[in-house]
Amino acid sequence: MRKKIRLVIVGAGVIGSHHGKVINELSNEIELAGVVDVDLAKAQALASSRGSAAFVSLKDALAQAEFEAVAVCTPTGTHAEVAIEALNAGKHVIIEKPAEVSLEKTDAIIEAQRNAGTVVTVITQHRFDPATEILLEAIDKGELGRLTSGIASIDWWRSQDYYDSAGTGAALGTWMAADR
Ligand SMILES: NC(=O)c1ccc[n+]([C@@H]2O[C@H](COP(=O)([O-])OP(=O)(O)OC[C@H]3O[C@@H](n4cnc5c(N)ncnc54)[C@H](O)[C@@H]3O)[C@@H](O)[C@H]2O)c1
């Protein structure tokens, strides 16, 4: 049997908890080796439900746990520092989107990956949506002619439960007003 990949989640918020659920579903392939969050209670809540260890920093996890991979689920704009620390320790890294907020920080991740020789990937799950694949195939076949620019627009529905799950209590209307 293939050896399970031991993975540490850094950031036990909305998406970090989702990574926890997915790891449960892939329990033949992946094992949760630990959860890191600057808020230890959040790390403990996610880790303990899966019999795993909680840490307040990646540094502590690196010192105390054995694992091959790190999922970076911290807020946007903090991904490079976590990813680079993990890469410098020789780990494979999965980064939640967006990789980073500037070219400089993204280049720094790439440089750390080249030095480490491990794998880095960024989660952009909609690249696998049927609509994306149909569009790419049409472009590849030249069905849309020579593309010179593009404008994409997507209608997505998020229920109030989605916003409540962030624990912010934000109402859908509040978010829409703030975002426009
Ligand atoms: N792929 C998707 O569909 C999807 C969906 C939601 C969010 N995201 C991405 O995931 C990331 C996190 O979003 P979220 O909604 O889960 O945020 P969140 O605020 O719910 O969770 C972030 C967590 O990280 C912790 N944290 C902050 N800095 C840290 C650090 N240096 N080390 C350890 N823990 C730290 C916070 O305490 C918090 O618990 C964002 O970059 C976001 O774009 C992706």
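Conventions used here
- Residues numbered from 1 in each chain as written.
- Predicted model: local features only at pLDDT ≥ 70, side-chain atom pairs only at ≥ 80, totals over all residues.
- Heavy atoms only, no water.
- Helix = DSSP H or I, 4+ residues; strand = E, 2+ residues; numbered from the N terminus.
- Buried < 20%, exposed > 50% of the residue type's maximum accessible area, 1.4 Å probe, protein only.
- Contact = heavy atoms within 4.5 Å.
- Areas by Shrake-Rupley, 256 points an atom, 1.4 Å probe, with all protein chains shown as cover.
- Lys, Arg positive; Asp, Glu negative; His and termini not counted.
- Charge placed at Lys NZ, Arg CZ, Asp CG, Glu CD.
- pLDDT = per-residue confidence, 0-100.
- Pairing = 2+ DSSP bridges.
- Polar contact = N/O pair within 3.5 Å; in protein donor to acceptor, adjacent residues only side chain to side chain.

Colleague: Would you mind showing me how to read the overall build of the protein here?
Modeller: From N to C terminus, the protein includes eight helices and six strands. Listing the helices and strands of the protein from first to last along the sequence gives β-α-β-α-β-α-β-α-β-α-β-α-α-α. Based on the C-alpha atoms only, the size of the protein along its principal axes is roughly 55 × 40 × 35 Å. Within the protein, buried positions represent 28% of all 180 residues. Taking the contacts inside the protein whose residues are at least 6 apart along the sequence as the reference set, 54% of them involve residues at least 24 apart. Per element, the accessible surface of the protein, about 11800 Å² overall, is 56% carbon and sulfur. The positive charge centre, built from 17 side chains, and the negative charge centre, built from 24, are 3 Å apart in the protein.

Colleague: Teacher, can you tell me more about the confidence of the model for the protein here?
Modeller: Predicted coordinates in regions of low pLDDT should not be interpreted in detail. Averaged over all residues, the pLDDT of the protein equals 90, while 91% of them reach at least 70. Here residues 169-180 is a poorly scored stretch, pLDDT under 50, and it has nine contacts once near neighbours within four places are set aside; other chains count.

Colleague: Can you help me understand the sheet that holds strand 1 (residues 5-10) in this one?
Modeller: Two strands in a sheet stick together by hydrogen bonds in their backbones, pointing the same way (parallel) or opposite ways (antiparallel). Strand order in this open sheet of six strands is 3-2-1-4-5-6, and the pairing throughout is parallel. Two strands close off the open sheet at either side, each with one partner strand: strand 3 (54-55) and strand 6 (120-123). In this structure, strand 5 (residues 92-96) lies alongside strand 6, joined through four bridges in parallel fashion. Its bridge partner being in strand 6, I94 is matched across the sheet by T121.

Colleague: Help me out: how do you make sense of the side chain of T74 in this one?
Modeller: Tracing the backbone shows T74 in the loop between strand 4 (69-72) and helix 4 (79-88). Within polar-contact distance, the side chain of T74 engages the side chain of T78 at 2.7 Å. Once you skip the residues sitting within four places of it in the chain, T74 turns out to touch V10, G11, H79 and V82.

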